[in-house]
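What the coordinates show
Spelled out, the chains give:
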Amino acid sequence: MHLSMKIITLKYWNLEVTKNLQDNLNRITTLASESNILYTHKIMSSLTTKLSAITSSSEALSFLAQVNNKKRGRQIGVQPTSLARRKVGLTLGSKRVQAGRPTEV
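Every value quoted in this text rests on a predicted model; they were computed, and no experiment measured them.

To continue, consider the layout of surface pockets. Picture a little ball the size of a water molecule; that probe, rolled over the atoms, points out where space is still empty. Estimated volume of the largest pocket: approximately 680 Å³. L25, L47, L51, F63 and V67 are, among the 23 residues lining the largest pocket, the residues nearest its centre. Contributing elements (two or more residues each) for the lining of the largest pocket: α1 (3-34), α2 (38-52) and α3 (57-68). Residue composition of the lining of the largest pocket, by class: 13 nonpolar, 8 polar and 2 charged.

When the charged atoms of two side chains with opposite charge come close together, those side chains can pair. Going through the model one piece at a time under the given rule, you end up with 1 salt bridge. In this structure, K19 engages D23 in a salt bridge whose closest nitrogen and oxygen atoms are separated by 2.9 Å. Taken together, the residues K19 and D23, both in helix α1 and 4 residues apart, mark about one turn of the helix.

Moving on, we come to α2. Taking 1.5 Å per residue, 15 residues should reach 21 Å; α2 reaches 21 Å between its end C-alpha atoms and fits that length. Where burial is concerned, little of α2 is hidden: 1 out of the 15 residues are buried.

Bringing the side chain of T40 into the picture now. Turning to its location among the elements, T40 is positioned in helix α2. Given a relative accessible area of 18%, T40 falls into the buried group.

Turning our attention to the confidence of the model for the protein chain. On average, residues of the protein chain carry a pLDDT of 76, and 71% of them reach 70 or more. Within the protein chain, the element-level pLDDT minimum falls on α1, averaging 76, and the maximum on α2, averaging 85.

What counts and what doesn't
- Residues numbered from 1 in each chain as written.
- Predicted model: local features only at pLDDT ≥ 70, side-chain atom pairs only at ≥ 80, totals over all residues.
- Heavy atoms only, no water.
- 1 Å grid on protein atoms, 1.4 Å probe; cavity = no way out; pocket = protein on both sides within 12 Å on 5 of 7 lines; lining within 4 Å.
- Points joined across faces, edges and corners; volume = space filled by probe spheres on them.
- Helix = DSSP H or I, 4+ residues; strand = E, 2+ residues; numbered from the N terminus.
- Nonpolar A, V, L, I, M, F, W, Y, C, P; charged D, E, K, R; others polar.
- Salt bridge = Lys/Arg side-chain N within 4 Å of Asp/Glu carboxyl O.
- Expected span 1.5 Å × (residues − 1).
- Buried < 20%, exposed > 50% of the residue type's maximum accessible area, 1.4 Å probe, protein only.
- pLDDT = per-residue confidence, 0-100.

Rendered as structure tokens:
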């Protein structure tokens with residue numbers, strides 16, 4: 001494929017992705033505006049503020065990357081057998097178990 005064909009293909013793909021993004025944003029806006037929940041208004045207001053602060057293409061790309069980030073705030077899981085062996089009063093979640101002298105329970 002020649003360089004000119006790659007550029008044309010990339011431009012067509014970019015236009016298609018932009019149109020799909022715009023359609024989805026319109027759909028989400030319509031669904032959110034039909035909601036009568038106060039929390040929905042707060043979220044839309046916050047999102048509008050964040051979007052209006054974007055002034056360059058690099059900021060737009062950074063914003064879209066943050067929206068797509070799914071790994072935030074995860075913890076490494078704990079094996080079920082180690083949870084079952086813990087004493088009563090210790091955490092049953094994925095938090096660390098304190099080592100050394102036990103705290104007063």
